[in-house]
Amino acid sequence: MTEKTRAVIYAELAKYPENEYQADPVLIIGTTVEEWYKGSRLRPEIISKIKQLCYTRGEATAFSDIPVLLNYAQSDSEARAIFKACTRTRTLMIRLKLDKNSNAEEIIRYWSFGTGIRRKDLEPMVRSVIELDGVDDLGIVHILPALARKLLYTYPGLDMAKHGVMPDCHWTSLNFFNYEPHEYLLDARLATSQVLEQFVPVEPPYQFADVLFFLDNTTGDAFHSCVHLADNLVYTKNGRNILSPWVIMRLDDVKKIYLHKGDGRVQGFRRKDIAAEKKAADEVR
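As the structure is a prediction and not an experimental result, all values here were calculated from the model.

(A) Geometry of the packing of helix H7 (residues 104-111) against helix H8 (residues 119-131). Where H7 meets H8, the closest approach of the two axes is 10 Å, and the angle between their N-to-C directions is 145°. H8 is crossed by H7, and the crossing has right-handed handedness. Only Arg119, Leu122, Glu123, Val126, Arg127 and Ile130 of H8 make contact with H7, whose side of the interface consists of Ala104, Glu105, Ile107, Ile108 and Trp111. Of the residues in the contact of H7 with H8, the class split is seven nonpolar, no polar and four charged.

Structure (structure tokens):
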């Protein structure tokens, strides 16, 4: 099967959720197959087979044939190594650079949703880093809300499927504000209802914690969502399966994954209470 034929057939298979590896393939963005699996300890023959089975999806290289690849494993340990290698995902480790010249008030205001929410949790930490000699940065994981802090850079465990379905991007985005996840957000209908009731659309420039929905231009349906952090960086889970971790990516790279067909757009939404408080605060200033 040629790469072009594979791309056409798998695009059709991806329309059905039952074909999970076609719907949510391994995506290699901005590099080669060889470079992506460098250091994975996979045999050259396995990497060559991956390359043979890859196809192009937009600006990304996609690979869906994990079950086929496992047939080439020579042992149980190699099968596990192959599966582990196929969960590789590019992410970013972000740290805020802070020093005595940093504007503490501006930093605290931004990372507390632009309002007083979460200020009591952030202010002591930010001011301490600024004032302490020898400490000049703060990992972004320390300033995210509790649930996002817990999930970032991890893969979902099988225990998360106890409700019959794994967490997806919308569950991730709409639970960003919560200390404990609201499992009803696994239901697409209820997730949509929450957006309509509790959020208002906003235009760029986006603020911390704005939810960015990728909408179909024809139907208006949301086929992906992520949370804006800062400087074109988003918190996202790209797929409803155990191969998809919670990561930080550049928004441009997420667009390469989800807007490759050219029939979608990004629309920002902000929680109504945050939008109202921010407007009031801006008017005072």
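Continuing now.
(B) Geometry of the nonpolar core. Among the nonpolar cores identified, the biggest contains 44 residues, and Trp111, Phe176, Leu229 and Tyr235 are the most heavily contacted of them. Tyr55, Ala60, Tyr206 and Leu212 belong to the second largest nonpolar core, which has 19 residues in total.

(C) Structural context of helix H4 (residues 44-53). Of all the positions in H4, only Ile46, Ile47, Lys49, Ile50 and Leu53 are classed as buried. Seen along its axis, H4 keeps its buried residues to an arc of 160°; they face one direction. Opposite the buried face of H4, at more than 90 degrees from it, the exposed residues are Pro44 and Gln52. On its buried face, H4 is in contact with helix H1 (3-13), helix H3 (33-36), strand S2 (55-57), strand S3 (60-63), helix H5 (66-70) and helix H6 (76-85).

(D) Up close: the environment of tryptophan 111. Examined against the element boundaries, tryptophan 111 turns out to sit in helix H7. The exposure class of tryptophan 111 is buried, given its relative accessible area of 7%. Residues contacting tryptophan 111, with those up to four places away along its chain left out, are Leu96, Arg118, Leu122, Ile140, Ile143, Phe208, Leu229 and Ala230.

(E) View of H8. The end-to-end C-alpha separation of H8 is 18 Å, in line with the 18 Å expected for 13 residues at 1.5 Å each. Turning to H8, its buried residues number three or more, namely Leu122, Val126, Val129 and Ile130. Taken down its axis, H8 places every buried residue within 95° of arc, on the same side. Away from its buried face by more than 90 degrees, H8 exposes Lys120 and Glu131. Tucked into the core, H8 has its buried residues touching H7 and strand S5 (137-139).

The rules behind the values
Residues numbered from 1 in each chain as written. Predicted model: local features only at pLDDT ≥ 70, side-chain atom pairs only at ≥ 80, totals over all residues. Heavy atoms only, no water. Axes fitted to C-alpha atoms, helices over the stretch in contact; angles between N-to-C directions. Helix = DSSP H or I, 4+ residues; strand = E, 2+ residues; numbered from the N terminus. Left-handed = near helix turned anticlockwise from the far one by under 90°. Contact = heavy atoms within 4.5 Å. Nonpolar A, V, L, I, M, F, W, Y, C, P; charged D, E, K, R; others polar. Core = buried A, V, L, I, M, F, W, Y, C linked by side-chain atoms within 4.5 Å. Buried < 20%, exposed > 50% of the residue type's maximum accessible area, 1.4 Å probe, protein only. Arc of directions from axis to C-beta. Expected span 1.5 Å × (residues − 1).

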